[in-house]
There are 2 protein chains.
Amino acid sequence: MHKKRQKLSTYERRGVSSQKEDVHKATSSLDKGLFPGAFCKILPDVLGGSPSHCNILHPDTAGTKASLAYLAWRTTGNLGHLRGIPVDALVMNVDDVGCVGAVQGILVDQTISRNSFQIKDEIKEIIESAEQFCAMLRVWRINCHFASGETASVPDLVRTFDVGTSVAVRMKRKDVIDASRVVPGDIIVGFSSTGQARWEAEQNSGIGSNGLTNARHETLAPFYRKFTQTYAPEMSRDLVYRGKYRLEDRLPEDRSFTIAGALLSPTRTYLPLIKMILEAVPRRYIHGIIHCSGGGQTKIRKFGRSGNRYVKYRPFPVPAVFKMIQEVSKLSWREMYEVFNMGWRLEMVVPDMKVANDIRKIAMDECDISAKVVGAVEEEDGPNQVIIETPSGQEKY
Amino acid sequence: MHKKRQKLSTYERRGVSSQKEDVHKATSSLDKGLFPGAFCKILPDVLGGSPSHCNILHPDTAGTKASLAYLAWRTTGNLGHLRGIPVDALVMNVDDVGCVGAVQGILVDQTISRNSFQIKDEIKEIIESAEQFCAMLRVWRINCHFASGETASVPDLVRTFDVGTSVAVRMKRKDVIDASRVVPGDIIVGFSSTGQARWEAEQNSGIGSNGLTNARHETLAPFYRKFTQTYAPEMSRDLVYRGKYRLEDRLPEDRSFTIAGALLSPTRTYLPLIKMILEAVPRRYIHGIIHCSGGGQTKIRKFGRSGNRYVKYRPFPVPAVFKMIQEVSKLSWREMYEVFNMGWRLEMVVPDMKVANDIRKIAMDECDISAKVVGAVEEEDGPNQVIIETPSGQEKY
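Residues numbered from 1 in each chain as written. Chains lettered and ligands numbered in written order. Predicted model: local features only at pLDDT ≥ 70, side-chain atom pairs only at ≥ 80, totals over all residues. Heavy atoms only, no water.

**So, the relation of the copies chain A and chain B**
Mapping chain A onto chain B is achieved by rotating through 180 degrees and translating by 0.0 Å along the same axis, at an RMSD of 0.0 Å. What the rotation and shift describe, once combined, is the action of a two-fold rotation axis. Among all C-alpha atoms of chain A, that of A:V158 lies closest to the rotation axis, at 2.3 Å. (Least-squares fit on C-alpha atoms with pLDDT ≥ 70 in both.)

**Some remarks on the nonpolar core**
Formed by 136 residues in total, the largest nonpolar core has its most connected members in B:V100, B:F161, B:F191, B:L273, B:I286, B:I325 and B:I359. Filtering out sequence-adjacent residues up to four positions away, B:L273 remains in contact with B:F191, B:W199, B:L346, B:I362, B:A363, B:C367 and B:I369. Core analysis: the next-biggest nonpolar cluster, separate from the first, contains 133 residues, A:A260, A:L264, A:W333 and B:V23 among them. (Core = buried A, V, L, I, M, F, W, Y, C linked by side-chain atoms within 4.5 Å. Buried < 20%, exposed > 50% of the residue type's maximum accessible area, 1.4 Å probe, protein only. Contact = heavy atoms within 4.5 Å.)

**Here's the deal with the interface of chain A and chain B**
Taken residue by residue, the interface counts 77 residues in chain A and 76 residues in chain B. Our count for the contact surface shared by chain A and chain B stands at 2 salt bridges. Where B:D156 meets A:R216, a salt bridge forms, and the shortest distance between an N and an O atom there is 2.6 Å. The interface formed by chain A and chain B contains 27 residue pairs in polar contact (both at pLDDT 80 or more). Only α3 (21-27), β2 (53-61), α4 (65-76), β3 (106-114), α6 (123-139), β4 (144-153), β5 (161-172) and α7 (212-219) of chain A provide two or more residues apiece to the side of chain A that touches chain B. Counting residues per element, the side of chain A that touches chain B draws most heavily on β4(A), which supplies 9 residues. (Salt bridge = Lys/Arg side-chain N within 4 Å of Asp/Glu carboxyl O. Polar contact = N/O pair within 3.5 Å; in protein donor to acceptor, adjacent residues only side chain to side chain. Helix = DSSP H or I, 4+ residues; strand = E, 2+ residues; numbered from the N terminus.)

**Let's talk about the sheet that holds strand β7 (residues 288-291) of chain B**
Residue and element names in this part refer to chain B. Here we have 7 strands laid out as an open sheet, ordered β7-β9-β6-β10-β8-β11-β12, and mixed in their pairing. The two strands at the open ends of the sheet, each matched to only one other strand, are β7 and β12 (393-396). Direction aside, neighbouring strands of the sheet carry axes that sit 20 degrees apart on average. Taken together, the 4 bridges between β7 and strand β9 (residues 344-350) define a ladder with antiparallel strand orientation. Bridge pairing in β9 places G288 opposite V349. (Pairing = 2+ DSSP bridges. Axes fitted to C-alpha atoms, helices over the stretch in contact; angles between N-to-C directions.)

**What about the sheet that holds strand β8 (residues 308-312) of chain A?**
Residues and elements named next belong to chain A. Spatially, the 7 strands line up as an open sheet ordered β7-β9-β6-β10-β8-β11-β12, and their pairing is mixed. Of all the strands in the sheet, just β7 (288-291) and β12 (393-396) have a single pairing partner and so form its edges. The mean angle between the axes of side-by-side strands here comes to 20 degrees, regardless of whether they run parallel or antiparallel. As defined by bridge partners, strand β6 (residues 187-192) adjoins strand β10 (residues 371-379) across 5 bridges and the pair is classed as antiparallel. Of the residues in β10, the one forming a bridge with G190 is K372. The strands touched by helix α9 (residues 271-280) within the sheet are β6, β7 and β9 (344-350), with β9 carrying the most contacts at an inclination of about 15 degrees.

**A closer look at unusual backbone geometry**
Positive phi, close to 60 degrees, is recorded for A:K330, a residue that is not glycine. Within the fold, A:K330 resides in the loop between α10 (320-329) and α11 (333-339). Although it is not a glycine, B:D368 sits at a positive phi angle of roughly 60 degrees. With respect to the helices and strands, the residue B:D368 is situated in the loop between α12 (353-367) and β10 (371-379).

Below, the structure is given as structure tokens:
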């Protein structure tokens, strides 16, 4: 066991993976759907039987951000931390579906598995928040409805709580944004994950819902080890909460956030922005939309024509929350960009500067979301590559 | 704490509930959909925009049956135990949706949250089984397709693994079976949960996926306490695995099953049967279809016109697996019928004996599923009641 451990990364030793190699191996034989190059799996219209339509049914969870929310709630009594998790799970999901251009006629459901020894009457607050998020989207003219929820009391399975959601959409095949159209010569526009979008109630740290297992353990102090319900007992003790911060400490370089507030900052939905752009710009000019979730800034590598090199020569400045995580974790900048969004959780790939400027303007003028050209697509002799200008220099993935 | 405990049932002390009072309280303010009396929540056609259609998006999980499957796999090496869980989660779900008459154009997805310290390469087998189940349904002419899957490695959240599924359907509003049509004078037909349906590979014990937390702890011997990853550490030690059996022991009264085989027996899907019946009998003659899941044989109380008394005077004989659970747990028969299906996990409520005989015949002749009239609907002066003839006499709920 010890011999093996020496070869494993800190990530693997915590039982997580930003790239999910084993899962991809396990699912490689599964059907890829109608548009194998699209961001989500697209099925024929099983729901309606129309040859010109297609369906998506897409699951996602908030991951271990739930464990952190539980910890923050337990130590502060602030129920808002719990309420944010179903919304995080839903945003991670609808934003995936938005990447294929589905911004209307959305149904969502929610499954909460809880340890009822730890989460009792608070369940009401948790259940309700997803429905409220759907109502907010409807204010922004996105027809999204909460269909149904399941709450399982399964303390034998779950340490605190785990929230999953599914999103169902039916759309016209001709409206699908198929990222396989991304080709050399295209321009990559990034949309900031920080600041305060018009539909947000507060400043966003930029964190999203990826990489939270490591961020949590690297950031928080050993003081929190006593909350044994928040981590796996199989994990080596030296990997558990080995940071230097308390949840109420201020975030260095942006003292408007506490550590808890920065790490639990609600994942931004870009859906209203995607909708506005798709209403203003013909879909044929949007070659690809990428949600920089699992895989962080390297996610785009899986998409586009084979033989693309994605050169991100003008990344956003690193947000304070990621600087803090890098500083405490000593992760290389290379790894940071593989795990976190590092400042922009959405990218659109477009054919020219005219379109790039049009969509930047919509983001900034109508959504208060900072946007800029972060890079370009070049010809690559071989499998797709990503090159990122990181604070420690150029990294190739 | 001790004072409070004396008032709590064994169920509550294990953090589970067959009636989910707190969850129902939490969701009581949520919108009930187009047909508030239907078995599943029915929404307007958000997916298609047609006024004559409606949508369902319905989540469910396999619950703590996963914990037992993990234990059986760890102690025997038989991967089949793990493979069964996604199918259980899916069956619990599609059978719910079948109860409103949705038997075509079904999309399903799957979310697996796993502790990657405990479940490693076995994930491949687990992921694949749901897709194989959909293929089986297609053989039975049910157009069910696996849309997408998410596998999260979250050891900080999950002790072993937890499997959730969602089912999406779009159907004509006029085809919805709305159980509010159930009225006094109707007849209740039960469909056996035991035996071997034509689409099953082996004999079914009848267990389903409800009540497994208690069944597991009451049945299995303290020997299994060393598998601490299979139960909540918050649970009082005297409630953990306090039965007398090993997994490989034979089931008393039906030695063709081991204890593991009986408790993990795949949840039967009734979907092919429901489809055959709805093809043979006009829908107006099927007043209600009830999936006896959470709440067991009292589930029907939530459905039908208000002021119904459901008298189940001719229950099925108690299957061997439930006799064993009752014997080790000392649960009253009253409670057994509130938790488990006790022999029939599906009921149809029909207006007369002619229809009752027609649907019985389809079950027996075309599906090899035993079926019979189990009771009738009478007039009740007040809220709905259920009366069941149990082995210890008549019980009123």
